Amino acid sequence: MDRIAIVDGIRTPFSKMGANFNNLSAQELGRIAARELIERMGLDVKLIDEVIFGCVAQPAEAANIARVIALLAGVPKTTPAFTVHRNCASGIEAVVNAAIKIKAGEGSCYLTGGTESMSNIPFLLSKEYQEILTEISRAKTLPAKLQSFAKIRAHHFLMPRIGLQMGLTDPVCGLNMGQTAEVLVKEFGITRREQDEFALASHQKAIAAREILREEIIPVIPGPKYKEAVIDDNGPREGQTLEALAKLKPFFEKGTGTVTAGNSSQVTDGACAILVVSESRAKELGMKPLGFLRSFAFAGVEPNRMGIGPAHAIPKALKKAGMKLSDMQAIEINEAFASQVIACERALASEKFAKDFGYEGYTGAIDPAKLNVHGGAIALGHPVGTTGARLILTMLKTLKRNDLNVGIASLCIGGGQGAAVILER
Amino acid sequence: MSVFYKEEANIGTITFDQPDSKVNVLNSATLMTFDKILDELKGKDLKALIIQSAKKDIFIAGADIKEIENITELVDGKAKAQAGQRVMDKLEDLPYPTVAVIDGVALGGGCELALACRYRIMTFNDKLRIGLPEVNLGFVPGFGGTYRLVRLVGLAQGLTMIVSGNPISSSAAFKCGLADRLYPSVGLSERVKEFIEEISAQPANRIFKPVAFKGFQAFLEKNPLGHKVIYWQTTKLIEKKDPKGFYPSFLKAVEVIQKTKYLPRERALDIESSTFAQLAITPVSKNLVKVFYLSEKYKKLIMPGAEAIKPMPITKAAVIGAGVMGGGIAQLLSDRGVWARLKDINQEAIAKGLKAAYDVYAQAMKRKKVRAPEVAAKMAMISGTVDYSGFSDVDIAIEAVVENLDIKKKVFAQVSEVISSKAILASNTSSLSVTEMARAAKDPSRVIGFHFFNPVHRMPLIEIITTEYTSLQTLVSTLEFAKRLGKTPVIVKDAPGFLVNRILLGYINEAGRIFDEGGSIKEIDRLATNFGMPMGPFTLSDEVGLDVGVKVLHVLETGLGARFKSVKIFDEVLLKKFLGKKSGKGFYIYGKKRIVNPEVQGLVKISSSIQEQEAIERMIYIMINEAALILQEKVVDTPDAVDIGMIMGTGFPPFRGGLLRYADSIGIDRLVEGLEKLEARFKDGRFKPCAYILDLKNRGGKFYQ
């Protein structure tokens, strides 16, 4: 069986929104990751069959961002490219698409990845204001222009629609992501303290893993100032304390909420590039893969409980692979919110849960020592289109470094889904 | 025959197609043939006459410069211009519409021919350039260009084109009215036929109509006050470009146009032909023509005897050392579509290199030469690294690290291990031994010097340095690469100082001696700029950095002899940390205005016995003597290599034709006499005429035979 090889990958540092990468577009971040992967591997770009990138807030000026990234990174113009969007799992979607294409015999070598610049998600004009502006530009005479101009009201430009906010709000159930986390808090009875402790651990693990994470990160020198290099993720806080976390006010539910900015993932910019090749082709080309994609699964859940997605996707992926949760030597559940990860842990550990959904044999308790060993999105940040790819990269590097064989990486997905991939060496 | 006529359906077509040549040139023979055809066509009643070229990407490249070069008498110059003018007049006077169909380069006489036609049709061909570059050869258009261009496109545009000599693209030509229509090259002949139908329908279309102006432009063009403004602006621009008036053709061009703008054809052309003749016989013009040939030869330089060797295509380069030069080289590479992997020891250094590269683009963006998306795509071709990742597939590795031989040798040894067995290893060193570096590399045959000048994006010269090990393949590939990067290459054997720095440092050192004897910094610099050097020796030293200059002098002293021992006074200046521009103070102080540094000038007592004529002679003759030594030692093969190097690498005045052309103009006997006199005075051997020069004197020869 010709397996799907994840040959190599690289990512940019993850930078909090509005910080070091404020002036880097998503296409620029993606290009940097893609080009550096090509350079480091000494990859002959002519070998690439297609380029697939995940991106959520696809910039208006870079339609089909994968194509823009491909061309700027030096991939031949004759090589096709397309962009995928499965919300927070877009990075995984890119890799999975490559796998599916390889399996279908469409090609054997795919440059994939994810990119996101949440700093550059724009503010949008209201439709009313947009129509007035269009009227003005279409008006042929000055009086006509002035007439339309007079329709503008203060609220039109003082209250734009905030793209980031809209993107993080589910249109079907009307809740934003943080509010869905609060839903799970109530469902599972998760306390504020438990969430803060989880968040603290994430920061501590990430700080401890600085050197280790440098193995997957390339320094980025942001233009146009080119002042200094960003070498590490700037999300993890050294000396983070429970007290400091406890001081924060709940962000998504006033008064009664428990989800804060401190125990949620950070809004972040970053990109990741991964080369996916069929096992036989990789051998032909003398490549030494980091690992292989064993199985993947996506599952749907209620949008207002999107955080529980991994608890459904994990058993599904295990079943496809014919493996058990206890077989997994490393586990990543994306830390969109501390509460959401804890909810997944509890669901997977619950026999009732397994019975209710027919997951018997494919669930179980998760050993905390195996979970998110180098910290997660709470500390590192969650550039939504990129994280899925990063999880795959980090997981494979972790398996390799510790001489382990198999792990599972999963994410919850805004809109009510879960994704999981099993990786093996 | 170079000119053909055929007729079909009452439309005549004249085609220029010079045999055995890639281009069409209006030499006297071709003009005569064209003239004869026009005589035959005078009496016909054609619907229209098309004039076109059969050459790819070339309409008519101009008159035959060789013929102009040979003009030595005023009467011959005037006659030559008049001959061309008459033919163009004949063309202009044809009673039916004439249409020039231009799908390529139309310069000088080619443009003038097109101007004499009623209509000009051009294509979207990227290679199409139309203009009147005669001023750059030291004369003015002589086939009616000054008469017709201004009448067609107006004073501002016409004056700009003629005085700058810069050709324009077809879209610019369409915008200013020089082109009547633009058509795609594919299907051109059909479009031209349709155009002829269109214009035949209305007889009014046969009459010459100048471009119509609107608004403020119309004010400038139609109003004598507006004209004054235009002339004034142009004159100011010329004064800025050529403050000492070394190049008379610019102001003369303005003069011709000013005098003839309202004159009838015959009188206007008479003034044009006289001015043309006056300028064409001047030594300045002769020198500029020679420099033109020199420049063409070296821009397209090929290795004789290496025609069988295919140059290796270069698509990716590594640049080691992200300093000012490294960053500049990376920018040049990215601008020319070559991937650049920029390496340095840490991220801070890489950041500086990227910034240096970006700053060049930022300047170009400010001047609207390039737009932001293009800059983003070009900067994307540069990536940085602190290790040798990304080196395995480079075609050439260029080292631009600090000028320290041990460090460079180490770099060569390391890089040899990581690049492919085909890749070239090049050094940007300005003074160190490329041979030594070659010995440190795994494969010395692939080692070559590739010396850029600062700033990389602006200085056109590149010295390609060969060692005894450099293979012909390496040289051929590197030569092609230099041309691909848009540089003018000169091939130099590995010797201290190579070509340019060796000559230049002698000049600066001599200036230092004159200063030491009690010279004025300002006056010495003035002598040099009055001679035509773009900057005086002390200004130059401040630009480069006195520390750098003295360091190179040490290298030259060790390698070439005591004449390069740096003047003691330089050490005193260095001790006071007056390095130059980079430290804000050097021989001059750089504030809002530049002033002479009194602390440096104060180091010597001004002597009244310094003779100006002798001072400039010393500075120039020492360069000539050194250049002759360079030829003697076969560091370069020919005097024209010296001259192109000095012109392109230091801005040696083109109006003098080059350093050795200037030496020839002095005369070898006078040169030797001058050198011996100076040697008698200073007695340290530096002015002793070298064997090469003495040999020339004995043979009664010149540098340029």
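Owing to the predicted nature of the structure, the values given are computational and were not obtained by experimental measurement.

**Observations regarding the sheet that holds strand S12 (residues 382-385) of chain B**
Residues and elements named next belong to chain B. One open sheet holds the 8 strands; their spatial order is S12-S11-S10-S13-S14-S15-S16-S17, and the pairing between them is mixed. In the strand order of this sheet, the two ends are held by S12 and strand S17 (488-493), each with one partner. Going across the sheet, the axis of each strand differs from the next one's by a mean of 25 degrees, ignoring polarity.

**Observations concerning the side chain of A:Asp269**
All names here are of chain A. By the secondary structure assignment, Asp269 is in strand S8 (residues 268-278). Lys16 provides the closest opposite charge to the buried, unpaired Asp269, separated from it by 11 Å. Within the structure, Asp269 has its side chain in polar contact with the backbone nitrogen of Met118 (distance 2.7 Å). For Asp269, the side chain forms a polar contact with the side chain of Ser119, separated by 2.5 Å.

**Here we look at the interface of chain B and chain A**
Opposite the 17 residues of chain B that make contact, chain A presents 17 residues. It is B:Trp339, B:Gln347 and B:Ala380 that lose the most area in chain B upon contact with chain A, and together they represent 32% of the buried surface on that side. Between A:Glu39 and B:Lys316 there is a salt bridge; the shortest N-O distance is 2.7 Å. Contributing elements (two or more residues each) for the side of chain B that touches chain A: strand S11 (339-343), helix H15 (347-366), helix H16 (372-379) and S12 of chain B. Sorting elements by how many residues they give to the side of chain B that touches chain A places H15(B) first, with 6 residues.

**Side note on the packing of aromatic side chains**
Residue and element names in this part refer to chain B. As enumerated under the stated definition, the model contains 26 aromatic pairs over all chains in all. Each ring, one from Phe682 and one from Phe687, has its centre 5.9 Å from the other, and the planes form 40 degrees; the classification is tilted. Judged by centre distance (6.0 Å) and plane angle (15 degrees), the rings of Tyr692 and Phe703 are stacked. Taken together, the residues Tyr692 in helix H30 (residues 691-699) and Phe703 in the segment after H30 connect sequence positions 11 residues apart. Tyr692 sits in the partly exposed class, given a relative accessible area of 23%. Members of the aromatic cluster, joined through ring pairs, are Phe246, Tyr247, Phe250 and Phe655.

**Re H15(B)**
Residues and elements named next belong to chain B. Under the 1.5 Å per step criterion, the end-to-end length of H15 is 28 Å for 20 residues, consistent within 8% with the ideal 28 Å. Among the residues of H15, those classed as buried are Gln347, Ala349, Ile350, Ala351, Gly353, Leu354, Ala357, Tyr358, Val360, Tyr361 and Ala364. Packing partners of the buried residues in H15 comprise helix H14 (324-335), S11, H16 and S12. Capping the start of H15, Asn346 holds a side-chain oxygen 3.3 Å from the backbone nitrogen of Glu348, two or three residues further along.

Definitions and limits used
- Residues numbered from 1 in each chain as written.
- Chains lettered and ligands numbered in written order.
- Predicted model: local features only at pLDDT ≥ 70, side-chain atom pairs only at ≥ 80, totals over all residues.
- Heavy atoms only, no water.
- Pairing = 2+ DSSP bridges.
- Helix = DSSP H or I, 4+ residues; strand = E, 2+ residues; numbered from the N terminus.
- Axes fitted to C-alpha atoms, helices over the stretch in contact; angles between N-to-C directions.
- Buried < 20%, exposed > 50% of the residue type's maximum accessible area, 1.4 Å probe, protein only.
- Lys, Arg positive; Asp, Glu negative; His and termini not counted.
- Salt bridge = Lys/Arg side-chain N within 4 Å of Asp/Glu carboxyl O.
- Polar contact = N/O pair within 3.5 Å; in protein donor to acceptor, adjacent residues only side chain to side chain.
- Contact = heavy atoms within 4.5 Å.
- Buried area = accessible area lost by both parts, 1.4 Å probe.
- Phe/Tyr/Trp six-rings, centres within 6.5 Å; stacked < 30°, edge-to-face > 60°.
- Expected span 1.5 Å × (residues − 1).

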